[in-house]
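# Report on the structure
In case you want the letters, here they are:
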Amino acid sequence: MKLDPVSLRLFVAVMEESAIARAAARENIAPSAASRRLAELEQQLRVELFARSNRGMQPTDAAWALLNLARGVLHDLDGIALQMREYGSGLRGQVRLVANISAITQFLPGELQRFMARHPGVQVQLQEQISSAIARSVAENAADLGILNEGSYGAHLRLLPYREDELVLALPAGHVLARRKQVRLAEVLPYELVATHPGSAIHHQLQRGAAEAGLPLKLRMQVSGYDALCLMVAAGMGLGVLPRGSAQIYKSALSIRLVALDEAWARRRLMLCLRADEQPGGAARLLVEHLQADAGVPA
(Lines give C-alpha, C1' and ligand atoms only; values in the text may rest on other atoms or scores of the structure.)
Protein backbone atom coordinates (compact mmCIF):
# COMPACT_ATOMS: atom_id res chain seq x y z
CA MET A 1 0.00 0.00 0.00
CA LYS A 2 1.34 3.40 -0.99
CA LEU A 3 -0.37 6.21 0.85
CA ASP A 4 -0.16 9.57 -0.88
CA PRO A 5 0.77 12.44 1.48
CA VAL A 6 -1.32 14.79 -0.71
CA SER A 7 -4.39 12.65 -0.12
CA LEU A 8 -3.70 12.42 3.61
CA ARG A 9 -3.30 16.17 3.82
CA LEU A 10 -6.57 16.62 1.92
CA PHE A 11 -8.32 14.18 4.25
CA VAL A 12 -7.14 16.15 7.29
CA ALA A 13 -8.38 19.36 5.67
CA VAL A 14 -11.83 17.81 5.04
CA MET A 15 -12.04 16.71 8.66
CA GLU A 16 -11.01 20.16 9.91
CA GLU A 17 -13.15 22.17 7.46
CA SER A 18 -16.18 19.82 7.57
CA ALA A 19 -16.72 20.40 3.85
CA ILE A 20 -15.02 19.16 0.71
CA ALA A 21 -15.30 22.52 -1.07
CA ARG A 22 -13.54 24.45 1.68
CA ALA A 23 -10.91 21.71 2.08
CA ALA A 24 -10.29 21.66 -1.68
CA ALA A 25 -9.83 25.45 -1.73
CA ARG A 26 -7.43 25.23 1.22
CA GLU A 27 -5.33 22.59 -0.56
CA ASN A 28 -5.57 24.30 -3.99
CA ILE A 29 -7.33 21.40 -5.67
CA ALA A 30 -10.60 21.17 -7.60
CA PRO A 31 -13.56 19.81 -5.56
CA SER A 32 -14.09 17.00 -8.09
CA ALA A 33 -10.45 15.96 -7.80
CA ALA A 34 -10.72 16.13 -4.01
CA SER A 35 -13.74 13.81 -4.01
CA ARG A 36 -11.90 11.37 -6.29
CA ARG A 37 -8.84 11.37 -4.01
CA LEU A 38 -10.96 10.65 -0.94
CA ALA A 39 -12.63 7.75 -2.71
CA GLU A 40 -9.24 6.34 -3.76
CA LEU A 41 -8.00 6.70 -0.19
CA GLU A 42 -10.94 4.65 1.07
CA GLN A 43 -10.23 1.99 -1.56
CA GLN A 44 -6.58 1.80 -0.54
CA LEU A 45 -7.45 1.54 3.16
CA ARG A 46 -10.42 -0.76 2.46
CA VAL A 47 -12.57 1.15 4.92
CA GLU A 48 -15.37 3.67 4.70
CA LEU A 49 -14.19 7.03 6.01
CA PHE A 50 -17.36 9.02 5.35
CA ALA A 51 -21.01 8.06 5.46
CA ARG A 52 -22.51 9.80 2.46
CA SER A 53 -26.14 10.93 2.35
CA ASN A 54 -28.33 13.75 1.04
CA ARG A 55 -27.28 15.74 4.10
CA GLY A 56 -23.60 15.48 3.18
CA MET A 57 -20.68 13.42 4.46
CA GLN A 58 -20.36 12.30 8.04
CA PRO A 59 -16.98 11.00 9.36
CA THR A 60 -17.03 7.41 10.52
CA ASP A 61 -15.18 6.08 13.56
CA ALA A 62 -12.43 4.99 11.18
CA ALA A 63 -12.08 8.58 9.96
CA TRP A 64 -11.56 9.91 13.47
CA ALA A 65 -8.94 7.24 14.11
CA LEU A 66 -7.22 8.02 10.81
CA LEU A 67 -7.22 11.75 11.61
CA ASN A 68 -4.83 11.28 14.54
CA LEU A 69 -2.66 8.86 12.55
CA ALA A 70 -2.55 11.14 9.49
CA ARG A 71 -1.62 14.18 11.54
CA GLY A 72 1.27 12.23 13.05
CA VAL A 73 2.49 11.02 9.65
CA LEU A 74 2.25 14.48 8.10
CA HIS A 75 4.06 16.00 11.07
CA ASP A 76 6.88 13.47 10.62
CA LEU A 77 7.06 14.20 6.88
CA ASP A 78 7.19 17.94 7.55
CA GLY A 79 9.95 17.30 10.06
CA ILE A 80 11.94 15.34 7.48
CA ALA A 81 11.57 18.15 4.94
CA LEU A 82 12.58 20.74 7.52
CA GLN A 83 15.66 18.79 8.59
CA MET A 84 16.72 18.27 4.99
CA ARG A 85 16.35 22.00 4.33
CA GLU A 86 18.44 22.65 7.43
CA TYR A 87 21.13 20.33 6.13
CA GLY A 88 21.08 22.19 2.84
CA SER A 89 21.35 25.57 4.53
CA GLY A 90 24.00 24.38 7.00
CA LEU A 91 21.82 24.54 10.12
CA ARG A 92 22.37 20.81 10.46
CA GLY A 93 25.17 18.60 9.28
CA GLN A 94 28.73 17.56 9.90
CA VAL A 95 32.04 19.22 9.06
CA ARG A 96 35.30 17.29 8.92
CA LEU A 97 37.94 19.81 10.01
CA VAL A 98 41.69 19.18 10.08
CA ALA A 99 44.00 21.78 11.60
CA ASN A 100 47.58 22.16 12.70
CA ILE A 101 48.49 22.38 16.35
CA SER A 102 49.10 26.13 16.13
CA ALA A 103 45.48 26.79 15.15
CA ILE A 104 44.13 24.27 17.66
CA THR A 105 46.02 25.65 20.66
CA GLN A 106 45.68 29.35 19.84
CA PHE A 107 42.33 29.98 18.19
CA LEU A 108 39.98 27.07 17.64
CA PRO A 109 38.70 26.26 21.15
CA GLY A 110 36.85 29.55 21.56
CA GLU A 111 35.88 29.83 17.91
CA LEU A 112 34.37 26.34 17.76
CA GLN A 113 32.56 26.84 21.06
CA ARG A 114 30.88 29.97 19.70
CA PHE A 115 30.08 28.30 16.38
CA MET A 116 28.47 25.24 17.96
CA ALA A 117 26.51 27.41 20.38
CA ARG A 118 25.01 29.24 17.37
CA HIS A 119 24.54 26.06 15.34
CA PRO A 120 23.76 23.22 17.76
CA GLY A 121 22.64 20.99 14.89
CA VAL A 122 26.13 20.99 13.33
CA GLN A 123 28.73 18.47 14.45
CA VAL A 124 32.39 19.41 13.92
CA GLN A 125 34.88 16.56 13.79
CA LEU A 126 38.33 18.00 14.49
CA GLN A 127 41.62 16.21 13.88
CA GLU A 128 45.14 17.52 14.33
CA GLN A 129 47.58 17.09 11.44
CA ILE A 130 50.69 18.81 10.13
CA SER A 131 50.20 21.24 7.25
CA SER A 132 51.33 18.90 4.47
CA ALA A 133 48.98 16.18 5.70
CA ILE A 134 46.14 18.72 6.00
CA ALA A 135 46.55 19.70 2.35
CA ARG A 136 46.49 16.05 1.33
CA SER A 137 43.41 15.27 3.45
CA VAL A 138 41.43 18.12 1.91
CA ALA A 139 42.57 17.33 -1.63
CA GLU A 140 41.58 13.66 -1.24
CA ASN A 141 38.18 14.55 0.27
CA ALA A 142 39.12 13.00 3.61
CA ALA A 143 38.30 16.40 5.15
CA ASP A 144 35.95 19.22 4.23
CA LEU A 145 38.09 22.07 5.55
CA GLY A 146 41.66 22.54 6.71
CA ILE A 147 43.66 25.15 8.61
CA LEU A 148 47.37 25.19 7.78
CA ASN A 149 50.36 27.44 7.37
CA GLU A 150 50.52 29.59 4.25
CA GLY A 151 52.45 27.86 1.49
CA SER A 152 52.28 26.31 -1.96
CA TYR A 153 50.18 23.14 -1.94
CA GLY A 154 49.17 22.83 -5.59
CA ALA A 155 46.46 24.11 -7.90
CA HIS A 156 43.90 21.59 -6.63
CA LEU A 157 43.56 23.54 -3.37
CA ARG A 158 42.23 27.01 -2.62
CA LEU A 159 43.54 29.03 0.34
CA LEU A 160 41.56 31.71 2.13
CA PRO A 161 42.94 34.14 4.75
CA TYR A 162 42.35 33.18 8.37
CA ARG A 163 44.75 34.48 11.05
CA GLU A 164 48.33 35.50 11.76
CA ASP A 165 50.58 34.29 14.54
CA GLU A 166 54.10 34.93 15.76
CA LEU A 167 56.86 32.45 16.54
CA VAL A 168 58.84 33.18 19.71
CA LEU A 169 61.74 31.65 21.58
CA ALA A 170 60.91 29.85 24.84
CA LEU A 171 63.76 29.47 27.26
CA PRO A 172 64.34 28.80 30.98
CA ALA A 173 63.91 31.84 33.23
CA GLY A 174 67.59 31.94 34.17
CA HIS A 175 69.00 31.61 30.67
CA VAL A 176 71.44 34.27 29.46
CA LEU A 177 69.12 35.22 26.58
CA ALA A 178 66.06 35.54 28.83
CA ARG A 179 66.72 39.25 29.43
CA ARG A 180 66.69 40.10 25.75
CA LYS A 181 63.66 41.65 24.05
CA GLN A 182 64.43 39.92 20.78
CA VAL A 183 67.07 37.64 19.32
CA ARG A 184 68.21 36.47 15.90
CA LEU A 185 68.14 32.76 15.12
CA ALA A 186 71.93 32.81 14.69
CA GLU A 187 72.19 33.72 18.39
CA VAL A 188 70.00 30.77 19.32
CA LEU A 189 71.67 28.07 17.25
CA PRO A 190 74.72 27.64 19.51
CA TYR A 191 72.35 26.23 22.15
CA GLU A 192 70.61 22.87 22.19
CA LEU A 193 67.00 22.91 21.08
CA VAL A 194 63.84 21.07 21.97
CA ALA A 195 62.04 20.84 18.64
CA THR A 196 58.73 19.66 17.29
CA HIS A 197 58.54 16.52 15.15
CA PRO A 198 60.38 16.47 11.81
CA GLY A 199 57.33 16.98 9.59
CA SER A 200 56.17 20.19 11.27
CA ALA A 201 56.39 23.59 9.61
CA ILE A 202 58.41 25.03 12.51
CA HIS A 203 60.95 22.23 12.25
CA HIS A 204 61.37 22.88 8.51
CA GLN A 205 61.79 26.61 9.19
CA LEU A 206 64.49 26.00 11.79
CA GLN A 207 66.33 23.77 9.34
CA ARG A 208 66.17 26.44 6.62
CA GLY A 209 67.22 29.16 9.05
CA ALA A 210 70.20 27.15 10.26
CA ALA A 211 71.29 26.42 6.69
CA GLU A 212 71.05 30.11 5.78
CA ALA A 213 73.10 31.04 8.86
CA GLY A 214 75.68 28.37 8.05
CA LEU A 215 75.31 26.84 11.53
CA PRO A 216 74.28 23.34 12.65
CA LEU A 217 70.89 22.70 14.24
CA LYS A 218 71.55 21.14 17.65
CA LEU A 219 68.48 19.06 18.40
CA ARG A 220 68.54 17.56 21.86
CA MET A 221 65.08 16.03 21.52
CA GLN A 222 61.91 16.24 19.48
CA VAL A 223 58.39 16.23 20.88
CA SER A 224 54.93 16.08 19.33
CA GLY A 225 53.18 18.84 21.29
CA TYR A 226 53.73 22.34 22.62
CA ASP A 227 52.94 21.23 26.18
CA ALA A 228 55.82 18.75 26.13
CA LEU A 229 58.10 21.34 24.50
CA CYS A 230 57.44 23.90 27.25
CA LEU A 231 57.86 21.32 30.00
CA MET A 232 61.25 20.31 28.60
CA VAL A 233 62.33 23.93 28.23
CA ALA A 234 61.31 24.66 31.83
CA ALA A 235 63.36 21.64 32.94
CA GLY A 236 66.45 23.11 31.26
CA MET A 237 66.60 20.54 28.46
CA GLY A 238 66.98 23.15 25.73
CA LEU A 239 65.39 26.13 24.01
CA GLY A 240 62.25 25.92 21.91
CA VAL A 241 60.43 27.81 19.17
CA LEU A 242 56.64 27.90 19.12
CA PRO A 243 53.74 30.33 18.52
CA ARG A 244 53.35 33.05 21.11
CA GLY A 245 49.67 32.29 21.68
CA SER A 246 50.44 28.64 22.37
CA ALA A 247 53.35 29.47 24.67
CA GLN A 248 51.22 31.88 26.73
CA ILE A 249 49.08 28.93 27.85
CA TYR A 250 52.05 27.39 29.67
CA LYS A 251 54.06 30.48 30.58
CA SER A 252 52.15 31.28 33.77
CA ALA A 253 52.45 27.72 35.09
CA LEU A 254 56.10 27.08 34.15
CA SER A 255 59.35 28.88 34.80
CA ILE A 256 59.92 29.93 31.19
CA ARG A 257 60.45 33.22 29.41
CA LEU A 258 59.40 34.25 25.91
CA VAL A 259 61.64 36.33 23.65
CA ALA A 260 60.68 37.66 20.21
CA LEU A 261 62.51 36.28 17.19
CA ASP A 262 63.92 39.02 14.96
CA GLU A 263 63.24 37.08 11.76
CA ALA A 264 60.85 37.81 8.92
CA TRP A 265 59.60 34.21 8.97
CA ALA A 266 58.60 34.50 12.63
CA ARG A 267 55.40 36.27 11.49
CA ARG A 268 53.22 33.62 9.89
CA ARG A 269 49.85 33.45 8.18
CA LEU A 270 47.42 30.64 8.84
CA MET A 271 45.05 29.84 5.98
CA LEU A 272 41.76 28.05 5.47
CA CYS A 273 42.16 25.28 2.91
CA LEU A 274 39.41 24.10 0.53
CA ARG A 275 39.26 22.03 -2.63
CA ALA A 276 39.67 24.38 -5.59
CA ASP A 277 36.95 22.80 -7.71
CA GLU A 278 34.22 22.98 -5.05
CA GLN A 279 32.35 25.69 -3.21
CA PRO A 280 31.76 24.82 0.45
CA GLY A 281 28.11 24.11 1.06
CA GLY A 282 25.84 23.76 4.03
CA ALA A 283 27.57 23.42 7.38
CA ALA A 284 31.09 23.78 5.92
CA ARG A 285 30.17 27.13 4.37
CA LEU A 286 28.78 28.35 7.69
CA LEU A 287 31.97 27.32 9.49
CA VAL A 288 34.20 29.07 6.94
CA GLU A 289 32.15 32.27 7.29
CA HIS A 290 32.24 32.02 11.08
CA LEU A 291 36.01 31.45 11.30
CA GLN A 292 36.74 34.37 8.99
CA ALA A 293 34.31 36.66 10.80
CA ASP A 294 35.78 35.74 14.18
CA ALA A 295 39.25 36.49 12.81
CA GLY A 296 38.10 39.84 11.43
CA VAL A 297 38.68 38.86 7.80
CA PRO A 298 36.63 41.14 5.49
CA ALA A 299 33.72 39.35 3.82
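Further up the page is the structure itself.
The sections below set out a description of the structure shown in this document. From a predicted model like this one, the values you see are computed outputs, not experimental measurements.

Within the element layout of this structure, Gln292 appears in helix H12 (residues 282-295). In this view, Gln292 contacts Leu160, Pro161, Leu272 and Val297; residues no more than four positions away in its chain are not counted.

Under the criterion given, the structure shown has 20 salt bridges. When the shortest N-O distance is used, the salt bridge between Arg22 and Glu17 registers 3.9 Å. The exposure class assigned to Arg22 is partly exposed, which follows from its relative accessible area of 47%. With a shortest N-O distance of 3.6 Å, Arg220 and Glu192 are connected by a salt bridge. Taken together, the positions of Arg220 in strand E9 (residues 219-223) and Glu192 in the loop between helix H8 (185-188) and strand E8 (193-196) put the pair 28 residues apart, joining distant regions of the chain. Residue classification places Arg220 among the partly exposed positions, given a relative accessible area of 42%. Three or more residues are tied together by salt bridges with common partners; here these are Glu16, Glu17, Arg22, Arg26, Glu27 and Arg71.

Moving on: the environment of Met15. Residue position: Met15 is located in helix H1 (residues 5-17). Distance in space between the C-alpha atoms of Met15 and Leu67 is 7.5 Å, their sequence separation being 52 residues. Ignoring sequence-local partners within four residues, the contact set of Met15 consists of Phe50, Pro59, Ala63, Trp64 and Leu67.

One way to put it is that H1 packs onto helix H3 (residues 31-45) with a least axis distance of 10 Å and a crossing angle of 105 degrees. Considering their axes alone, H1 and H3 lie roughly perpendicular with respect to each other. Counted together, Val6, Ser7, Leu8, Leu10, Phe11 and Val14 of H1 and Ala34, Arg37, Leu38 and Leu41 of H3 form the full contact between these two elements. By residue class, the composition of the contact of H1 with H3 is 8 nonpolar, 1 polar and 1 charged.

Another point: the environment of Leu274. Structurally, Leu274 can be placed in strand E12 (residues 267-275). Sequence-wise, Leu274 and Ala284 are 10 residues apart; in three dimensions their C-alpha atoms are separated by 9.9 Å. Contacts of Leu274, omitting those with residues within four sequence positions, involve Val138, Asp144, Leu145, His156, Leu157, Arg158, Leu160, Pro280 and Val288.

Turning next to the nonpolar core. If you look at the biggest cluster of nonpolar residues, it comprises 33 residues, and the most contacted ones within it are Leu169 and Leu261. Every element with two or more residues in this core is listed here: strand E6 (157-172), H8, E8, helix H9 (201-213), helix H10 (226-234), strand E10 (240-243), helix H11 (244-251) and strand E11 (256-261). Considering each element in turn, this core owes the most residues, 5 residues, to E6. Apart from residues lying up to four places away in sequence, Leu169 is in contact with Leu177, Val183, Val188, Leu239, Gly240, Val241, Arg257, Leu258, Val259 and Leu261. Of all hydrophobic cores here, the second largest spans 24 residues; its members include Val124, Ile147, Tyr162 and Leu286.

Let us now look at the packing of aromatic side chains. All chains considered together, the criterion is met by 2 aromatic pairs. For the ring pair Phe107 and Tyr162, a centre distance of 6.2 Å and an interplane angle of 85 degrees mean the geometry is edge-to-face. Of this pair, Phe107 sits in the loop between helix H5 (101-106) and helix H6 (108-118) while Tyr162 sits in strand E6, placing them 55 residues apart in sequence. Grouping residues by exposure puts Phe107 and Tyr162 together as buried.

What counts, and at which threshold
Residues numbered from 1 in each chain as written. Predicted model: local features only at pLDDT ≥ 70, side-chain atom pairs only at ≥ 80, totals over all residues. Heavy atoms only, no water. Helix = DSSP H or I, 4+ residues; strand = E, 2+ residues; numbered from the N terminus. Contact = heavy atoms within 4.5 Å. Salt bridge = Lys/Arg side-chain N within 4 Å of Asp/Glu carboxyl O. Buried < 20%, exposed > 50% of the residue type's maximum accessible area, 1.4 Å probe, protein only. Axes fitted to C-alpha atoms, helices over the stretch in contact; angles between N-to-C directions. Parallel < 35°, antiparallel > 145°, perpendicular 65-115°, else oblique. Nonpolar A, V, L, I, M, F, W, Y, C, P; charged D, E, K, R; others polar. Core = buried A, V, L, I, M, F, W, Y, C linked by side-chain atoms within 4.5 Å. Phe/Tyr/Trp six-rings, centres within 6.5 Å; stacked < 30°, edge-to-face > 60°.

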